[in-house]
Structure formats: structure tokens, C-alpha cells
Amino acid sequence: MNEKNKLITGSIGRTLIFFALPYLLSSFMQTFYGMADLFITGLYNGSATITAVSIGSQVMHMLTVILLGFAMGTTVRIGHAVGAGDGKSAARTMGTTAVFFIGFACVLTVTLFLLAEPITGVMLTPEEAAAETITYLRICFLGIPFITAYNVISSLFRGAGDSRSPMYFVAVACVVNIVLDFAFIGLLGMGAAGAALGTVCGQAVSVLTALAMLRKKDFGFAMNRQTMKPSRRILSDILKVGAPIALQDGLIQVAFVVITIIANSRGLIAAASVGIVEKLIGFMFLVPSSFLSAISAVTAQNMGAGKPQRARKSLYYGLMITVGWGILCCLYNQFLPQTLIGLFTKEEAVLAAGCAYMRSYSFDCMFAAVHFCFSGYFCGDQKSLISFIHNIISILLVRIPGSYMASRMFPETLYPMGWAAPLGSLLSAIICAGFYVYFRGREKKQTLLKKA
């Protein structure tokens, strides 16, 4: 295997940071062009179109993180193979992934395109924004093959230790999307349809760039017709890691969707406010999200190489960095939320409601950082079921019921409703810490028994 692709030597802190930074930048650009859709839409359109884009993009974000969750199974399996020096296994993993995702993307595209109208209804989209939301979703659903291809190719690069190349793919998509947004939304007045079309075109160009780089990249293992034959055993390994992650991320997004539905039921002002804040929170979550993926890749390679102590160190470094970032985000939003909300709306009512929601919601930046890092570690160690467990408990016991109760008890403000997410994350963090202590204690006990 190619030594430069490994994450199993040198300073673990430096390795983690340098691996996470390109991922952070690519995630930043991906979120940025999503925010650009909302920003440019707000420059030329009113609350109805803003609501259509925010609701539609939230649905697409949910779909994207589910696909990314499945692809994480590929990243982890390739990481283990690279760490163990098994090039043949890495190549077979990529081949099986490609075949599976091609079929999966085709089915998903047709199904969701046909369900665009029911999805809009389920979201309780305000009547003024319903038609544009349906149009936005249908156009974006046609881009599912591009989203899938991007995540599959990126999973290969990251599993092999290269987090820079996916950053370039997203950079291309970002530039194309923003330029086309101004053309479609500003010059042609296409509204939500223009935002969706710009996004899909950007994704298509990004995938073409990724394919071109894939052909030139030397991973240290060869791809050929033999490796493209799917393996049931490999697919099972991928899904054992990827399916719980996809399910957990999907359920988290479902919780966000339910919160959006609750907000939508309160009218256009609440719907627009929650949509804007969700976009901003997504931006702030880029740091812990990037370290989740970085910790997962580093842990996978080091577990494959028989170096669990380096994997644990990556978790500790990740916790220090991401919790520190979360504290800064929380403090900023206690005092200056209007400087962020005001970028997306000039309507005083939306601004006031958004600031109230942001002040409480921003505490999630601290608590979510903890369970994000633990989730990355557990996934890299092929214990992704733990991530599913803590998230489903958090969603069912705190996030959804908390949002509903706050909405009913405090109909005049969004501030109490914003506490549901951070309290849910706090519960997740406690559960993750408990699992970690349990497994560490079991490992130490096994070590002592071997020495005896």
C-alpha cells in the first residue's frame, strides 16, 4: 500500500487536524453554496420563496446525510484495508460500493420525484410556498445520481487517507452554483426553481471533475473488471457500518423536519425564521461534523493497523477542538445573533423570531460536539450501532417531544423551542461517554487477564 495514504504514523494531533481541515473546507463550501441559495433568493424574492427554498433544501440535506452515512461504511472498510496493507480488499470494497449505489440512486430518484407533492404536504408547507417547494424538490431529486456519485467517490479518497481531493470537487460545485444562482434567480427571475437548477448543475460539474481526478489518482491498489464484481460479504460489512449511520443521520434530520413542521404550523414568520436558523446552525456544525469524519477515518486505519491507542488520542484531540469551537459559537449567538440572521432577511418579525430561536439553539454547538466526536470514534471502530442507539433515544425522548411541548406552551416565542436540540444532544453525549467508559473498562480487564 502507498505509505502516503496512511494515517497510522506521526503526531496524531497533527494528522487529525491536517486530515480534518480539507474536509472542513469542503463541508464549508458545500454549506456555503446552500446558504448562498437562501441569501440570493432573499435578495430577489419574499418570504414565500425563502420558505420554499429553506424547506426544500432541508429535505435535500436530509437525503444527502443519509447517502453520506451509507458511504461512511465504505470509508471505514477501505480505511481498515489500507491500515492493514490489503490493497485487494480495498479495491473490491470500492467495486461493490459502485454497483450498489448505482442501483440505489436510480430507485431513489424515481421514487422521490413522484413523491415531491406528498412530501411538501407532510412538511405542512405554508400554502403560499407550496407550489415553489414542489418545483424545487422535483428539480433537486433529478440530481440524486450526482449527489450519490460525489459521496461514493469521496468515500474512496477519504478511506485511502486523502481528504483534499473531495474539497476540490465541492469547490467546483460551489463556484458553478453561485454563478448560476445569480443568473437564474436574479437575471431570469426563476425563484426557487432557479435555486434548484443551479444546485443540480453545480453537482453535475463536480462529479465530472471527481471522475477526472479518480482516473489520475494512485491509491496504491488497482481497479479493474474483477474488482467491480459485487461481493455479498463486502456489501454486508459496508452496510453493518453504513446503515446504522445512515439511519441515525436520517432520524436526526427527521427530527429537524418535525421541528420544521411544528414551526410551519405556526405560520410563515416562524417557518422562515426556523429555516434561516437551521441553515446557520448547519454552518456552525461544520467543525464537529468534519472531525467526526476525520476521527472515523483515522480510527479505522489505526484499528486496522493494530494501534488502538492512536485511535483514542484522535478522539481526545477532536473533543478539545470541537467543544472549544462550540463554546465560541454559543457565546457569539447570545449577544450578536442579529448579525447572522440579518444576512438572510430584512423583515423585522422574521429577524426577531430568528434571534430568539438562535439564542437557545446555539447551546447545541457545545453538546453536539461531544457526541459527534464519540460517534466518529465508534464508527471507525465498527461500532456504529452505538451512534444509532444514542440518537434514537435522544430524538424520541427529548428533541421531538421537547419541541412540540415548547411550541404548545409558549406560542408567542421560539426561544423555548430552541432548547429541545441542545438538551437532546446533552443526553446523547452522556450515553456516548457511558459506552466509552464501559468498553475501555472491558479492554483493560482483558489486558490484565492476558498478562496474568
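Treat the numbers as computed from the prediction; the structure is a model and nothing was measured. (Residues numbered from 1 in each chain as written. Predicted model: local features only at pLDDT ≥ 70, side-chain atom pairs only at ≥ 80, totals over all residues. Heavy atoms only, no water.)

Enquirer: Would you explain the overall build of the chain in this entry?
Expert: The number of helices and strands found in the chain is 17 helices and zero strands. The C-alpha atoms of the chain give a radius of gyration of 22 Å, which matches the 22 Å a tight globule of 452 residues would have. Each of the three principal axes of the chain carries a C-alpha extent, and together these read 65 × 45 × 35 Å. Here the chain holds 452 residues, and 58% of them are scored as buried. Within the chain, contacts between residues at least 6 apart in sequence are counted, and of these 83% link residues at least 24 apart. (Helix = DSSP H or I, 4+ residues; strand = E, 2+ residues; numbered from the N terminus. Rg over C-alpha atoms; globule rule 2.2 N^0.38 Å. Buried < 20%, exposed > 50% of the residue type's maximum accessible area, 1.4 Å probe, protein only. Contact = heavy atoms within 4.5 Å.)

Enquirer: I tried to follow the packing of helix α7 (residues 164–187) against helix α8 (residues 191–216) on my own but got confused; where do I start?
Expert: Viewed as axis vectors pointing N to C, α7 and α8 meet at an angle of 150 degrees, and their least axial separation amounts to 7 Å. With respect to their mutual orientation, α7 and α8 come out roughly antiparallel. Here the hand of the crossing between α7 and α8 comes out right-handed. Residues belonging to the contact of α7 with α8 are distributed by class as follows: 15 nonpolar, ten polar and one charged. (Axes fitted to C-alpha atoms, helices over the stretch in contact; angles between N-to-C directions. Parallel < 35°, antiparallel > 145°, perpendicular 65-115°, else oblique. Left-handed = near helix turned anticlockwise from the far one by under 90°. Nonpolar A, V, L, I, M, F, W, Y, C, P; charged D, E, K, R; others polar.)

Enquirer: Explain α7 here, please?
Expert: Along an α-helix, residues three or four apart share an orientation, since each turn contains 3.6 residues. Given a rise of 1.5 Å per residue, 24 residues ought to cover 34 Å, and the 34 Å separating the end C-alpha atoms of α7 matches this to within 8%. Residues Ser165, Pro166, Met167, Phe169, Val170, Ala173, Cys174, Asn177, Asp181, Phe184 and Ile185 constitute the buried set of α7. Phi turns positive, to about 60 degrees, at Gly189, one or two residues after α7. (Expected span 1.5 Å × (residues − 1).)

Enquirer: Is there a simple way to think about the state of the cysteines in this case?
Expert: In protein structure, a disulfide is the covalent linkage between the sulfur atoms of two cysteines. In the structure shown here, the tally under the stated rule is zero disulfides. Note on Cys201: no disulfide assigned, nearest cysteine sulfur contributed by Cys140 at a separation of 11 Å. Residue class for Cys201 comes out partly exposed when judged on its relative accessible area of 28%. With no disulfide partner, Cys365 has as its closest neighbouring cysteine sulfur the one in Cys329, 4.6 Å distant. Assessed through its relative accessible area of 3%, Cys365 is described here as buried. (Disulfide = S-S within 2.5 Å.)

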